[in-house]
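So you can see what is in the structure, the chains are spelled out below.
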Amino acid sequence: MKKRWLLALCLLCLLGLSATGCSDDDNADDDGTAGDGDGDGDGDGDGDGDAGGDTFEAQVARGEEEYGEYCAHCHGAMGMGTTMAPPLVGDDALPRDPPASRMVRTEEFRTALDVYEFASENMPGDDPGSLEMSEYVDILAFDLFANGVELDTPLDAEVAADLVINPP
């Protein structure tokens, strides 16, 4: 549980949703938010702290490119799986229970946050945990979109925790 909380906190910090404890003191504004000069913590001056107006669509677009670079060689160009890795897109993608034939995953995928936690620790398979947190989020956004999920807000830890992909 502690590990899950820590990952969620790190994801929140990365996405600019927590203004305290996530930035260096040298980069902080007088109000304690990240040092961007406008007091909202993201540098765009609109007061919403959403990292420059990032959208789910922008995350999906970046994720598509990052998927091609880091994931397609194992999961296939269209995410339909290969003999090396399971599908990330389609009816058999991201099942709740770990596939019996795969020994890497032991956790259930109930929410998008569960998928993020697994991927950020275990992927890419040839260099686990090597991507930036934002890249994992973008790739997850792309995978969710490829499976028919559309969000009105950017994907973040809170949204991911609430996004049930495999109900009980």
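That block above? That's the structure.
Anyway, here's the lowdown on the structure attached to this text. Computed from a prediction, not measured in an experiment: that's the story for all the values here. (Residues numbered from 1 in each chain as written. Predicted model: local features only at pLDDT ≥ 70, side-chain atom pairs only at ≥ 80, totals over all residues. Heavy atoms only, no water.)

1. Quick word on the pattern of salt bridges
By the definition in use, this model includes four salt bridges. A salt bridge links D54 to R62; its shortest N-O distance comes to 2.8 Å. The class of D54 is buried, set by a relative accessible area of 19%. R110 is the partner of E108 in a salt bridge, and the nearest nitrogen-oxygen pair spans 2.6 Å. What makes E108 partly exposed here is its relative accessible area of 27%. Since its relative accessible area comes to 43%, R110 is described here as partly exposed. (Salt bridge = Lys/Arg side-chain N within 4 Å of Asp/Glu carboxyl O. Buried < 20%, exposed > 50% of the residue type's maximum accessible area, 1.4 Å probe, protein only.)

2. Some details on the environment of M80
By the element assignment, M80 lies in the loop between α3 (72–75) and α4 (112–122). Each C-alpha atom of the pair M80 and G90 lies 6.7 Å from the other, and the pair is 10 residues apart in sequence. Those residues in contact with M80, other than ones at most four positions away along the chain, are H75, P87 and V89. (Helix = DSSP H or I, 4+ residues; strand = E, 2+ residues; numbered from the N terminus. Contact = heavy atoms within 4.5 Å.)

3. Topic: the side chain of H75
Here H75 is to be found in helix α3. Given a relative accessible area of 9%, H75 falls into the buried group. Looking at H75, its side chain comes within polar contact range of the main-chain oxygen of P86, at 2.6 Å. Those residues within four positions of H75 in sequence are excluded, and the remaining contacts are Y67, M80, G81, T82, A85, P86, L88 and M123. (Polar contact = N/O pair within 3.5 Å; in protein donor to acceptor, adjacent residues only side chain to side chain.)

Spatial relationships are all this shows, so hold off on functional conclusions.
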